[in-house]
Amino acid sequence: MFLHNMWICVVDMWINLVDIMFVKWGSLVNIYIIAVGKLKEKYLKQGIEEYTKRLSAYAKVDIIEVADEKAPEQLSEQQMELVKKKEGERILAKVTDDMHVIALAIDGKMMSSEQFAQTLDRLATYGKSKIAFIIGGSLGLSDDVMKRANESLSFSKMTFPHQLMRLILTEQIYRAFRINRGEPYHK
């Protein structure tokens, strides 16, 4: 009986240690933001750099840009699908098998900041240490990317420029880590 109780104590300490590593340090979580197109606007770059710097205390963040497909302003449905397919191939080339993929899509699941924080905490708790967020180009994401995604997320039924979504996403990831650590953050 003594050995049994001792074993339970050791397992309990191990669980607490792992929990502290995930929640307090965050160093076991790798966040990838895979986005179509090069960010040009200085103000967006500055905002993303600020949140990425703040996030470095919680997780390793890697922003990966893939080239957008050049296309004329007016496209047929077939041409739009071809553009999304080419961009999707570039995105999927950056996704590894061990990544948990969350696609940002207007018809994805909407969550509060607290629900989003719980989602990230759940993924980390169950060993999903590589989380990839996918932001498509101006036409959205290809069917192949959506099929690869483990889940899809929507920030609103409104349409936002995909460059601006990088900043919004980065801020919400930072907010989620603050919520999960019980640290204050403005509402």
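As the structure is a prediction and not an experimental result, all values here were calculated from the model.

(A) Highlighting the overall build of the chain. Secondary structure assignment for the chain yields six helices and five strands. Shown N-terminal to C-terminal, the secondary structure of the chain runs as helices and strands in the order α-β-α-β-α-β-α-β-α-β-α. For the chain, the share of sequence-separated contacts (at least 6 apart) that also reach a separation of at least 24 residues comes to 84%. When the accessible surface of the chain is split by element, carbon and sulfur atoms take 56% of a total near 11,300 Å².

(B) Looking closely at the layout of surface pockets. Empty space within the largest pocket amounts to approximately 530 Å³. Around the largest pocket sit 22 residues that line it, and Leu104, Ala105, Ile106, Gly137 and Gly140 are the ones nearest its centre. Residue assignment for the lining of the largest pocket shows that the elements contributing at least two residues are β3 (100–110), β5 (151–154) and α6 (162–180). Broken down by element, the lining of the largest pocket gets its largest block of residues, four residues, from β3. Broken down by class, the residue content of the lining of the largest pocket amounts to 13 nonpolar, eight polar and one charged. Of the voids in this model, the second largest pocket is the one considered here, and its volume is about 290 Å³. Every element with two or more residues in the lining of the second largest pocket is listed here: α3 (77–92) and α6.

(C) View of the sheet that holds strand β2 (residues 60–66). Spatially, the five strands line up as an open sheet ordered β2-β1-β4-β3-β5, and their pairing is parallel. Each end of this open sheet is capped by a strand with a single partner; those strands are β2 and β5. Taken over all neighbouring pairs, the strand axes of this sheet differ in orientation by 30° on average, direction set aside. Bridge count between β3 and strand β4 (residues 130–135): four bridges; the pairing is parallel. Note on β4: the bridge partner recorded for alanine 103 is isoleucine 134. Lying over the sheet, α3 contacts β1 (30–36), β2 and β4, oriented at roughly 160° with respect to β1.

(D) A look at α6. For α6, with 19 residues, the first-to-last C-alpha span of 27 Å sits near the 27 Å given by 1.5 Å per residue. Here α6 lies mainly inside the structure; 15 of its 19 residues are buried. Positive backbone phi, at 70°, marks glycine 182, one or two positions downstream of α6.

(E) Looking closely at the UniProt feature "binding site: S-adenosyl-L-methionine" (unreviewed entry) in the chain. Within this structure's numbering, the places UniProt gives as "binding site: S-adenosyl-L-methionine" (unreviewed entry) are Leu104, Gly136, Phe155, Ser156, Lys157, Met158, Thr159 and Phe160. Residues that both appear in the annotated list above and line the largest pocket are Leu104, Gly136, Phe155, Ser156, Met158, Thr159 and Phe160. Position of leucine 104 relative to the elements: it lies in strand β3. Not counting residues up to four positions away in its chain, the partners in contact with leucine 104 are Phe133, Ile134, Ile135, Leu141, Leu153, Phe155, Met165 and Leu169.

(F) The pairing of β4, seen in detail. Where burial is concerned, most of β4 is hidden: five out of the six residues are buried. With six bridges joining them, β1 and β4 adopt parallel strand pairing. Bridge assignment links isoleucine 34 to a residue of β4, and that residue is isoleucine 134. Handedness of the crossover joining β3 and β4 through helix α4 (residues 113–125): right-handed.

The rules behind these values
- Residues numbered from 1 in each chain as written.
- Predicted model: local features only at pLDDT ≥ 70, side-chain atom pairs only at ≥ 80, totals over all residues.
- Heavy atoms only, no water.
- Helix = DSSP H or I, 4+ residues; strand = E, 2+ residues; numbered from the N terminus.
- Contact = heavy atoms within 4.5 Å.
- Areas by Shrake-Rupley, 256 points an atom, 1.4 Å probe, with all protein chains shown as cover.
- 1 Å grid on protein atoms, 1.4 Å probe; cavity = no way out; pocket = protein on both sides within 12 Å on 5 of 7 lines; lining within 4 Å.
- Points joined across faces, edges and corners; volume = space filled by probe spheres on them.
- Nonpolar A, V, L, I, M, F, W, Y, C, P; charged D, E, K, R; others polar.
- Pairing = 2+ DSSP bridges.
- Axes fitted to C-alpha atoms, helices over the stretch in contact; angles between N-to-C directions.
- Expected span 1.5 Å × (residues − 1).
- Buried < 20%, exposed > 50% of the residue type's maximum accessible area, 1.4 Å probe, protein only.
- UniProt positions renumbered as here; feature names shortened; annotations may be inferred.
- Right-handed = clockwise from strand over helix to strand, strands pointing away.

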